[in-house]
Structure formats: C-alpha cells, structure tokens
Amino acid sequence: MLKSKSPELLVFIASVLFGFPAILTKMLIGVLSPIAVLTFRFLFLIISFPFIVCMLKRSSLSDLFSISKTEFKHFFFLSLFLVADMALFFQSFYYIEVSTALFLFLNYPVMLLLMARFFLKEKITATDIAATSISLIGIVLVFWSKLNLQDYSILGDLMVLSAALLWAGYIVMNRYSANGNHYRKTFWIFLLNSAMFLPLLILFGNPVGFTNIKIYHFLILTVLSVVSTLIPYTLLSYTADRVKSSTSSIILLFGPIIGVILSFVVLKEEVPFNVIAGGFLIVISAFISTFSIEKLLQASKYFARKIRTILFGYNF
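Every residue gets a number counted from 1 within its own chain, in the order that chain's sequence is written. Given that this is a predicted model, residues contribute local features only at a pLDDT of at least 70 and side-chain atom pairs are listed and counted only at 80 or more, while totals for whole chains, interfaces and linings are drawn from all residues. As a rule here, side-chain values cover all heavy atoms of the structure and leave hydrogens and water aside.

## Some thoughts on the side chain of Ser 289
Here Ser 289 is to be found in helix H14 (residues 273-299). Polar contact criterion, stated in full: a pair of N or O atoms within 3.5 Å, where within protein one must be able to donate a hydrogen and the other to accept it, and residues adjacent in sequence count only if both atoms are side-chain atoms. Side-chain polar atoms of Ser 289 contact the backbone oxygen of Ser 285, separated by 2.7 Å. Each helix corresponds to a stretch of at least 4 residues labelled H or I by DSSP, and each strand to a stretch of at least 2 residues labelled E; elements are numbered beginning at the N terminus.

## A closer look at the packing of helix H10 (residues 182-204) against helix H11 (residues 215-239)
Here an angle of 0 to 180 degrees is reported between the N-to-C directions of two axes, which are lines fitted to C-alpha atoms, with helices fitted over the stretch in contact. Axis separation between H10 and H11 bottoms out at 8 Å; the angle between their running directions is 145 degrees. Two packed elements cross with a definite hand, and for H10 against H11 that hand is right-handed. Residues His 182, Tyr 183, Thr 186 and Phe 190 of H10 touch H11, and the partners they reach there are Tyr 233, Ser 237 and Tyr 238. In terms of residue class, the contact of H10 with H11 is made up of 4 nonpolar, 3 polar and no charged. Helix crossings are classified by the rotation of the near helix relative to the far one: an anticlockwise turn of less than a right angle makes the crossing left-handed, while a clockwise turn makes it right-handed. Throughout, a contact is declared for two residues whenever any of their heavy atoms are within 4.5 Å. Charged residues are taken to be Asp, Glu, Lys and Arg, nonpolar residues to be Ala, Val, Leu, Ile, Met, Phe, Trp, Tyr, Cys and Pro, and polar residues to be all remaining types, Gly included.

## As for the nonpolar core
Burial of nonpolar side chains together is a common tendency in soluble globular proteins. To form a nonpolar core, buried Ala, Val, Leu, Ile, Met, Phe, Trp, Tyr and Cys residues must be joined to one another through side-chain atoms within 4.5 Å. A simple rule labels every residue: compare its accessible area, found with a 1.4 Å probe on the protein chains alone, to the largest value its type can have, and call it buried under 20%, exposed over 50%, or partly exposed in between. Counting residues in hydrophobic clusters, the biggest one holds 73 residues, and the most contacted among them are Phe 89, Phe 93 and Phe 197. Not counting chain neighbours up to four residues away, the residues in contact with Phe 89 comprise Ala 22, Ala 101, Leu 102, Phe 105, Val 160 and Ala 163.

## Notes on the packing of helix H6 (residues 98-105) against helix H13 (residues 254-265)
Here H6 crosses H13 at 165 degrees, and the two axes come no closer than 8 Å. Between H6 and H13, the angle is such that the two are roughly antiparallel. Crossing of H6 over H13 shows left-handed handedness. For the pair H6 and H13, the contacting residues are Val 98, Ser 99, Leu 102 and Phe 103 in the first and Pro 256, Gly 259, Val 260, Ser 263 and Phe 264 in the second. A per-class count over the contact of H6 with H13 returns 6 nonpolar, 3 polar and no charged. The cut-offs work like this: below 35 degrees is roughly parallel, past 145 is roughly antiparallel, 65 to 115 is roughly perpendicular, and the gaps in between are oblique.

## What to know about the pattern of salt bridges
Whenever Lys or Arg places a side-chain nitrogen within 4 Å of a carboxyl oxygen from Asp or Glu, that contact is recorded as a salt bridge. Enumeration over the complete set of coordinates arrives at 1 salt bridge. We note a salt bridge from Glu 71 to Arg 184, for which the minimum N-O separation is 3.2 Å. With Glu 71 in helix H5 (residues 69-91) and Arg 184 in helix H10, this pair connects stretches of sequence that are 113 residues apart.

In structure tokens, the structure reads:
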C-alpha cells in the first residue's frame, strides 16, 4: 500500500498524469499539428521548470545552467532519441486510434529486454521467451485486420513501433545517468528538445495553426503543459534518487493503460475486439519483461559502460 506523500505515490501520480497527453493532443489535432503541440509544451517547460525548481529551493539557476561538455553530449543524444520518439508517436494519430497507438507503444519493455540480451550476450531465459511470445501474439492480433499494405493505418502502427524502439534506446542511455543534479539534466533535456522541435515546427508543423486557436484550445494546451507535462516531470526529477528504478519502471507502465481507458471514455473510440485482445496481451508482456529487464540491468554494469563508450566515446 502506498503511504501518503511517499516517493512511490508521487511516481504513481506522475504515471497517472502521463496518461493524458495522448488524449489532449488528439483533441487538438484538428487545429494544431502534433509537432506544434510538442513545441509549445517544451517551450512552456523551459520557462516554467526553472521557476518551479527555484521556488521549491531544489536547485539554483546557476546549478541548472552550469553544464560540462561531457554532460552536454550526453543530454544531446538523450534529447535526439526523445524528440524522434515523441514526433513519431504523436504523428501516428493521423493514421490510427489513440488506444491502438498506446497498446503498441507498450512493446518497448520487450524491445529493451531483447536489446539488453543482445549486448550482454547472456542466455535467453524462459521469462524472456514468454514475454516476447505473448507480445508477438498481441501484435499479430492488432495487425490481424490490416494485412492490406495499402492501408494507411499500417503506417501509423509502424511509426508507433519505431517510437517504442527509440524509447527503449532512450531508457538504455538514461539508465545510469542518474548521478548529479537531476533538475539540471531535466532542464537541459527540455531545452534541447525545444531547440530540436523548433525547426521541425517551421518545416513540418504548420506554425500558422497557432493563429486559429480559440480559448478552448488554449485551455487544453495549458492543461497539457502544466498538468500533464510540468508536474509529472518535476515529480520524477524529485523522486529520481528516492525510488528504485525497478519500482519506478513498473509504476510508469500504468500511464499508457490509463490513456487507453481515457481514449474509450473521452474520445469515444470504438476499437475492434482483436485490437483490445492484442493490447491486453501486450500489457501482460510489458509487465513481465519490465521485471526481467530490471533484474538484468541491475546485475550488470557492463551494459551501461558499453553503450556509453559506443555513443559518447568515453568510459567511466
């Protein structure tokens, strides 16, 4: 049972709030492109996050802005993976339902598990086989009615699966970078994300859409930026060194599940039975593989050193 004000409860609150961005973005998609919404969110964050952190006396402005060349390189790669992941995931809403996208995205723990096994060269366990098999069956069920390659929804499915792979890569790079100032790391990722999204907004995001927003749309943007972005990211930064990564990973799986439920209630999506059945199997595989990958990564520091050396050219 989670105690009131416990760090685990704060992570759970963050997970619940992470269930809303997909729904709110879908509600804005008729006026603003997903790229425009993402750009607004991160621009809002780089202004508000330092203010909140300083107000709570968790860090000073000098600590937030002070950064070494090594940290910058690390944060840059993290942002690159995160921006590509988010752009693909939210752009998929043009082609598939939100619930389907969230179900497919939950394949990332299985991808992360296979990635870790490949780099660590360790024996594939029965748990790995079970999680992967359940996930593959779930994917087949989701794709069951989409065997026609001319169906544009397949493009959306592939975009989400690519986003899940990128998110798995992000987790790998982020796994052992928890040392140091968590607030500085969070702020610089927000800053770099904004810098990367701005050219995407100009080239592909239809920035003129901001001239057409009404008060209703602005309120949704505000809720999305404050409630579903600023608060959960601040909570995760606060609990980074207070909650074990294994516990945090499991709790955060509830975010997409909550998003699926909200897609039925708020967006009134009517999802075929095969997608629901496949999604249910994917959810099961996500929990199984998350337990397995956490034990695997905690047992080996070699994985982290290898990834850091390949990507950043240094080992420590």
